[in-house]
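Here's the letter readout for the chains.
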Amino acid sequence: MREVPSHFGPAHADAAKYREMYNESVENPEAFWGREGKRLDWITPYTKVKDTDFTFGNVSIKWFHDGVLNASVNCIDRHLATRGDQTAIIFEPDEPSDPAQYITYRELSEKVNRMANVLLSQGVMRGDRVVIYLPMIPEAAYAMLACARIGAIHSIVFAGFSPDALANRINDCGAKLVITADTAPRGGRRTPLKSNTDAALLHCSDKVRCLVVKHTGDQTTWIQGRDVDVKAMMEDVSPECPPRPMNAEDPLFILYTSGSTGKPKGVVHCTGGYLVYAAMTHEYVFDYHQGDVYWCSADVGWVTGHSYIVYGPLANGGTSLMFEGTPTYPDAGRFWEVCEKHKVNQFYTAPTAIRALMGQGPEYVEKYDLSALKTLGSVGEPINPEAWAWYDKYVGKGKCPIVDTWWQTETGGHMITPLPGAIPTKPGSATRPFFGVKPVILDPTTAVKQDETATEGVLCIADSWPGQMRTVWGDHERFQETYFSQYKGYYFTGDGCRRDSDGYYWITGRVDDVINVSGHRMGTAEVESALVAHQAVAEAAVVGFPHELKGQGIYAYVTLMNDVEPSDDLRKDLEKWVRTEIGPIAKPDVIQWAPGLPKTRSGKIMRRILRKIAENDTGALGDISTLADPSVVDDLIANRANKG
Ligand code: 6R9
């Protein structure tokens, strides 16, 4: 275990305070959350705190449900008197030579009020859905908060999604209006968002309006009567828009996420509980203090961007950096250049980014002054110990706690995570539950709760927390089926998990990624972690494939470091390496050299596709439109290693 005391003074919590607060949070959630709810400003204070039921058939989740508030007031208005001139958002553009923008709370207020008035002028009313299809620009935050101000429900569609994906989401939530931009620069290239939107809207009701942010000034088609120039219109409307009082349980946003089956689900988060939870986790998990500059490198199109670029940091009156670019443009030093330039104190990113940068060598990090950093965060997948060690050594200089935050779109905020100053870390472990979170580990087949401290199984949560999703948009049955039917009385996360003898949690990956080799159950993540621990390996993805003798065999896709050439000797070396790292049972049956892996734009490896290729079932790959680079699939098929 590693203790890393903050080199910037006392953290919000220490070990004793964590224990005391945690115990109260699970033993007396009413008192705990009743108090924590007061971190927000309420128009009508709540008298009820928790009203939740996990019984299948009867699932209902409500928090603070007689309280009335407005999320935009909590993220903006209430800060104006004390910190109107403080920077709320730092915008760092794709091109390093373009100037950064510093948007104060007062400026944010004016923009959001004006944008809210534009929405009203287009007939958007309380409860209406607004789809946001924007790049990482301040207007994305304005649009979210403008919706919140007038009680409209936003649904962000990641700017990397295809027109089809956009159309499906617009139709599923019945959006009245889409907000997009002309084009989106990223990594020196431009995505034609407006023409994607035009293509999507061909499949939607012709009543859907289209607000366009002229961001790059690139030429686009313009449909009179449907398209609106938002920036121009914002100049013409009043800079004041009274906030709509909302019930705590009124939906704040819908965010589509994919499950293991079926079309993406519209995850619904509501105003009160979500905001309390986003704000509290942001403060404690990153150890955010007033005046800190905080940077989450995720996209607002993902839940991480919702909770930890916009809602959490702004509810806390913080300074949040929004970055339009990529980690490797113009080179692999960009993240660290931005950290130095803005004296970033907390930095939050994904293991996939770390691994990509790690493969380029430490010299890109060593060039920059990172002395302002005090907390490093990781999210999205288990972080393998090598990436952890690299992040710790080269970025954190051994002085910054690494918070490996396990959570989901469905959970609204962090669930299992270290707290700086309070929970010593172990590389690869998300450590302990956040306040109010009761993780349980069940036997996957018998559904029996495993009470021993050291155990392994599927991860469920025994009771509700304020940030929990409330329903699937338009399909409460599906909500209950997906999360409450398999393990009765619990919220089922879909993840496998191990608890060690110290009571630390280790997420082993989605349970649908578990493979069974000769009766031995193995997390694909374990094998991947072993592979990437080899000095020649930059990245690896492992899936199961049908094997005559073993039931399932192990198929490994391996991306080598830049300067390493594939060879049969190296293949043998890797097989031996995995045998010694995990055991003979984990030796890959097939290793395929993969110049690239099929990833979603959020960096998640699409194992579904890798499984199909491994199974030689490439006629049925399904939808690959959400991949960051669909062409890697062709290469993998052409070079299939398992020709049998
Ligand atoms: C926030 C986010 C959720 C799934 C989750 C799990 C994986 C996320 C993780 C992690 C291990 C972590 N996951 N964080 N696994 N350690 N720190 O990523 O939401 O896109 O909904 O993904 O991601 O498998 O179930 P989402």
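Here the structure is a predicted model, which means the values were calculated and not measured.

With that settled, the discussion passes to the sheet that holds strand 21 (residues 439-442). One open sheet accounts for four strands, arranged 21-22-24-25; its pairing is antiparallel. Of all strands in the sheet, those bounded by a partner on one side alone are strand 21 and strand 25 (505-510). On average, each strand axis in the sheet is inclined to that of its neighbour by 45°, with strand direction left out of account. Examined bridge by bridge, strand 21 and strand 22 (residues 455-461) share four bridges and lie antiparallel to one another. By the bridge assignment for strand 22, isoleucine 441 is matched with leucine 459.

Next up on the list: the site of the ligand. In the vicinity of the ligand lie 16 residues, with Asp404, Thr405, Gln408, Thr409 and Asp495 positioned nearest. At 2.9 Å, a side-chain N or O of glutamine 408 approaches an oxygen atom of the ligand. Threonine 409 is positioned with one of its side-chain polar atoms (N or O) 2.6 Å from an oxygen atom of the ligand. In isolation the ligand exposes 530 Å². Once the protein is present, 89% of that is buried. Those elements giving two or more residues to the shell around the ligand turn out to be helix 10 (303-315), strand 20 (402-405) and strand 25.

Approximately 460 Å³ is the volume found for the second largest pocket. Lining the second largest pocket we find 23 residues, and of these Phe91, Gln101, Ile137, His215 and Lys231 sit closest to its centre. Of the residues that constitute the lining of the second largest pocket, the class distribution is nine nonpolar, four polar and 10 charged.

Formed by 143 residues in total, the largest nonpolar core has its most connected members in Leu108, Ile179, Tyr311 and Phe435. For this core, the element with the highest residue contribution is helix 5 (residues 138-150), accounting for 10 residues. Residue contacts for tyrosine 311: discarding those within four places in its chain leaves Ala71, Cys75, Met144, Leu145, Ala148, His154, Leu252, Phe253, Tyr274, Leu275 and His306. Within the second largest apolar cluster, 30 residues are counted, among which are Ile354, Tyr368, Trp388 and Tyr391.

Negative phi characterises most residues that are not glycine, and trans characterises most peptide bonds. Of note, the bond from tyrosine 329 into proline 330 is cis; its omega dihedral lies within 30 degrees of zero at -5°. Relative to the helices and strands, proline 330 is located in the loop between strand 17 (319-323) and helix 11 (334-342). The phi torsion at lysine 397 lies on the positive side, around 50°, for a residue other than glycine. Summarising the element assignment, lysine 397 is placed in the loop between helix 14 (385-395) and strand 20.

So, about the packing of helix 3 (residues 71-83) against helix 10. Helix 10 packs onto helix 3 with a crossing angle of 50° between their chain directions and a minimal axis gap of 8 Å. By the angle between their axes, helix 3 is oblique relative to helix 10. Taken as a pair, helix 3 and helix 10 cross one another with a handedness that is left-handed. For the pair helix 3 and helix 10, the contacting residues are Ala71, Asn74, Cys75, Arg78 and His79 in the first and Tyr311, Leu314 and Ala315 in the second. Looking at the contact of helix 3 with helix 10 residue by residue, the classes come out as five nonpolar, two polar and one charged.

According to UniProt, the positions carrying the feature "binding site: CoA" (unreviewed entry) are Arg186, Gly187, Gly188, Arg189, Thr304, Ser518 and Arg579. Lining of the second largest pocket among the annotated residues: Gly188. Position of arginine 186 among the secondary structure elements: in strand 9 (residues 184-186). Taking relative accessible area as the criterion, arginine 186 reaches 40% and is therefore assigned partly exposed. The contacts of arginine 186, once residues within four sequence positions are left out, are Asp94, Glu324, Gly325 and Thr326. By the secondary structure assignment, glycine 187 is in the loop between strand 9 and strand 10 (189-191). Aside from chain neighbours lying at most four places away, what touches glycine 187 is Asp94, Thr326 and Tyr329.

Two numbers describe how helix 18 (residues 607-614) lies on helix 19 (residues 631-638): the axes approach to 10 Å, and their chain directions differ by 20°. Relative to helix 19, the element helix 18 is oriented roughly parallel. Helix 18 and helix 19 meet at a crossing whose hand is right-handed. Facing Ile609, Leu610 and Ile613 of helix 18, the residues of helix 19 in contact are Val633, Leu636 and Ile637.

Moving on, we get to the pairing of strand 7 (residues 153-156). Burial along strand 7 is two-sided: Ile153 and Ser155 and His154 and Ile156, pointing in opposite directions, are all buried. Here strand 6 (residues 129-133) pairs with strand 7 via four bridges, running parallel. Within strand 7, the position partnered with arginine 129 by the bridge is isoleucine 153.

What follows covers helix 7 (residues 193-201). Burial analysis of helix 7 places seven of its nine residues in the buried class, the great majority of the element. Taken as a whole, helix 7 has its buried residues at Leu193, Lys194, Asn196, Thr197, Asp198, Ala200 and Leu201.

Now for the confidence of the model for the protein. Confidence along the protein averages 93 in pLDDT terms, with 97% of residues attaining 70 or more. With a pTM of 0.85, the predicted complex shows an ipTM of 1.00.

Among the structural elements, glutamine 346 can be located in strand 18 (residues 346-349). At a separation of 3.4 Å, a polar atom in the side chain of glutamine 346 contacts the main-chain carbonyl oxygen of phenylalanine 286.

What follows is about the side chain of arginine 355. Tracing the backbone through its elements, the reader meets arginine 355 in helix 12 (residues 351-358). The residues contacting arginine 355, other than those within four sequence positions of it, are Glu381, Asn384, Ala387, Ala538 and Glu539.

Here the UniProt feature "binding site: ATP" (unreviewed entry) sits at Gly380, Glu381, Pro382, Asp404, Thr405, Trp406, Trp407, Gln408, Thr409, Asp495, Arg510 and Arg521. You can see tryptophan 407 is positioned in the loop between strand 20 and strand 21. A polar contact of 3.1 Å, which involves the side chain of tryptophan 407, links it to the side chain of tyrosine 348. Topologically, glutamine 408 is positioned in the loop between strand 20 and strand 21. With relative accessibility at 7%, the residue glutamine 408 sits in the buried group.

If you walk through the whole model with that rule in mind, you get 40 aromatic pairs. An aromatic cluster is defined as three or more aromatic residues linked by ring pairs; in this entry it consists of Tyr18, Tyr22, Phe32, Trp33, Trp42, Tyr46, Trp63, Phe64, Tyr277, Tyr284, Phe434 and Phe435. Against the face of tryptophan 222 rests lysine 214, its NZ or CZ located 4.8 Å from the ring centre. Lysine 488 extends its terminal NZ or CZ atom over the ring of phenylalanine 56, reaching a point 5.1 Å from the ring centre.

Rules used throughout
- Residues numbered from 1 in each chain as written.
- Predicted model: local features only at pLDDT ≥ 70, side-chain atom pairs only at ≥ 80, totals over all residues.
- Heavy atoms only, no water.
- Pairing = 2+ DSSP bridges.
- Helix = DSSP H or I, 4+ residues; strand = E, 2+ residues; numbered from the N terminus.
- Axes fitted to C-alpha atoms, helices over the stretch in contact; angles between N-to-C directions.
- Near = heavy atom within 4 Å.
- Polar contact = N/O pair within 3.5 Å; in protein donor to acceptor, adjacent residues only side chain to side chain.
- Areas by Shrake-Rupley, 256 points an atom, 1.4 Å probe, with all protein chains shown as cover.
- 1 Å grid on protein atoms, 1.4 Å probe; cavity = no way out; pocket = protein on both sides within 12 Å on 5 of 7 lines; lining within 4 Å.
- Points joined across faces, edges and corners; volume = space filled by probe spheres on them.
- Nonpolar A, V, L, I, M, F, W, Y, C, P; charged D, E, K, R; others polar.
- Core = buried A, V, L, I, M, F, W, Y, C linked by side-chain atoms within 4.5 Å.
- Buried < 20%, exposed > 50% of the residue type's maximum accessible area, 1.4 Å probe, protein only.
- Contact = heavy atoms within 4.5 Å.
- Parallel < 35°, antiparallel > 145°, perpendicular 65-115°, else oblique.
- Left-handed = near helix turned anticlockwise from the far one by under 90°.
- UniProt positions renumbered as here; feature names shortened; annotations may be inferred.
- pLDDT = per-residue confidence, 0-100.
- Phe/Tyr/Trp six-rings, centres within 6.5 Å; stacked < 30°, edge-to-face > 60°.
- Lys NZ or Arg CZ within 6 Å of the ring centre and 35° of its normal.

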